[in-house]
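The lines below spell out each chain.
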Amino acid sequence: MFHLVLTTCFAGILCYASEPGIDYSSAERCLQQGAILSGLARAQVDLRQMPQTSRIVCSGADGSTETVYVGQAGATLPEFPDDALGLPTLD
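These lines cover the structure that appears in this document, whether it is placed above or below. (Residues numbered from 1 in each chain as written. Predicted model: local features only at pLDDT ≥ 70, side-chain atom pairs only at ≥ 80, totals over all residues. Heavy atoms only, no water.)

### Thoughts on the overall build of the chain
Okay, so step 1: For the chain, the helix and strand inventory stands at one helix and five strands.
Okay, so step 2: By the burial criterion, 36% of the 91 residues in the chain qualify as buried.
Okay, so step 3: Considering only intrachain contacts with a sequence separation of at least 6, the fraction spanning at least 24 residues in the chain is 59%. (Helix = DSSP H or I, 4+ residues; strand = E, 2+ residues; numbered from the N terminus. Buried < 20%, exposed > 50% of the residue type's maximum accessible area, 1.4 Å probe, protein only. Contact = heavy atoms within 4.5 Å.)

Encoded structure:
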């Protein structure tokens, strides 16, 4: 099983984190769901004028981790906080 932690940052300064209480059967499924949720998070905040990047982290029960970044083409990745769960959450 794989667990998702999603962090979305706007201009590298305003970040939101979410950790859905659902486990996924594969890393691919987890990453797909993270991509969907990252798009929804960016649309809900409606800050299109700011550079936006999401970090999708899927952690497996076996200790494996897969990380994918979703954002503007050619954008510089912002510094993502190590403690994503300490950030404000997007409801």
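Next, the rest of the story.
### Structural notes on the environment of Glu66
Okay, so step 1: Considering the arrangement of structural elements, one finds Glu66 in strand β5 (residues 65–71).
Okay, so step 2: Of the residues examined, Glu66 reaches a relative accessible area of 39% and is grouped as partly exposed.
Okay, so step 3: Contacts of Glu66, omitting those with residues within four sequence positions, involve Ala27, Leu31, Ile56, Val57 and Cys58.

### Quick word on the packing of aromatic side chains
Okay, so step 1: Tallied over the entire structure, the rule returns one aromatic pair.
Okay, so step 2: Measuring from ring centre to ring centre gives 6.5 Å for Phe10 and Tyr16, while their planes differ by 80°; the resulting arrangement is edge-to-face. (Phe/Tyr/Trp six-rings, centres within 6.5 Å; stacked < 30°, edge-to-face > 60°.)

### A word on the state of the cysteines
Okay, so step 1: According to the stated counting rule, one finds two disulfides in the structure shown.
Okay, so step 2: Shown here is the disulfide that connects Cys9 with Cys15, its sulfur atoms set 2.1 Å apart. Residues Cys9 and Cys15 are joined through a disulfide that is right-handed, its torsion about the S-S bond being 105°. Of the two residues, Cys9 and Cys15, neither departs from the other in class, the shared state being buried. (Disulfide = S-S within 2.5 Å.)

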